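# Residue-level structure breakdown
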Amino acid sequence: MESEKITYESIDDYIAKSPLEVQEKLEALRKVIRESVPEAQEKISYQMPTFYLHGNLVHFAAFKKHIGFYPAPRGIEAFKEELAQYKGAKGSVQFPLNQPLPYDLIRRIVKFRADENISKAEAKARKK
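This text gives an overview of the structure that appears in the document. (Residues numbered from 1 in each chain as written. Predicted model: local features only at pLDDT ≥ 70, side-chain atom pairs only at ≥ 80, totals over all residues. Heavy atoms only, no water.)

Scanning the protein from terminus to terminus reveals five helices and six strands. Reading the protein from its N end, one meets helices and strands in the order α-α-β-β-β-β-α-α-β-β-α. Summarising its shape, the C-alpha atoms of the protein cover approximately 50 × 35 × 30 Å along the three principal directions. Burial statistics for the protein: of 128 residues in total, 43% are counted as buried. Across the protein, contacts joining residues at least 24 apart in sequence account for 51% of those joining residues at least 6 apart. By element, 51% of the accessible surface of the protein is carried by carbon and sulfur atoms, the whole surface being about 8100 Å². Positive and negative side-chain charges in the protein, numbering 22 and 18 respectively, have mean positions lying 6 Å apart. (Helix = DSSP H or I, 4+ residues; strand = E, 2+ residues; numbered from the N terminus. Buried < 20%, exposed > 50% of the residue type's maximum accessible area, 1.4 Å probe, protein only. Contact = heavy atoms within 4.5 Å. Areas by Shrake-Rupley, 256 points an atom, 1.4 Å probe, with all protein chains shown as cover. Lys, Arg positive; Asp, Glu negative; His and termini not counted. Charge placed at Lys NZ, Arg CZ, Asp CG, Glu CD.)

Here is the structure:
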């Protein structure tokens, strides 16, 4: 028998359905992203909170012991030295729940990704 999969309608819904002890961190992360790139749109993609600006900008998600942050492989590569202290993979990093989130680093990664997406969109528009 299949278990019911939780689906999310919005980032507000995602945060509300997350464990109480992580909701504050998720809201703070959302605020940092929103302040870094105010023109980005919020949506749910891959059942994760996502910020979108000329394509996916970043995703994030809550897990049992960490918050996953997904700025695409280029976002990880550009900041690999600063992210070296965290577990991660090609396009993701894990911020442990028992440590403060590195807001300044997150802000810089988000702005990097926004600049990247804007440049791509401008180059595509020039080709038309």
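Here the narrative resumes, following the displayed structure.
A full pass over the atoms with the stated rule returns 11 salt bridges. D12 serves as the salt-bridge partner of R30, at 2.6 Å between the closest nitrogen and oxygen. Of this pair, R30 sits in helix α2 (residues 20-36) while D12 sits in helix α1 (residues 11-16), and the two are 18 residues apart along the sequence. Residue D12 is classed as partly exposed on the basis of its relative accessible area, which comes to 47%. Across the salt bridge formed by R30 and E27, the nearest N and O atoms sit 3.6 Å from each other. Separated by three residues within a single helix, R30 and E27 lie in helix α2, roughly one turn from each other. Note on E27: relative accessible area 35%, which makes it partly exposed. Taken together, the salt bridges that share partners define one network made up of D12, E27, R30, R34 and E42. (Salt bridge = Lys/Arg side-chain N within 4 Å of Asp/Glu carboxyl O.)

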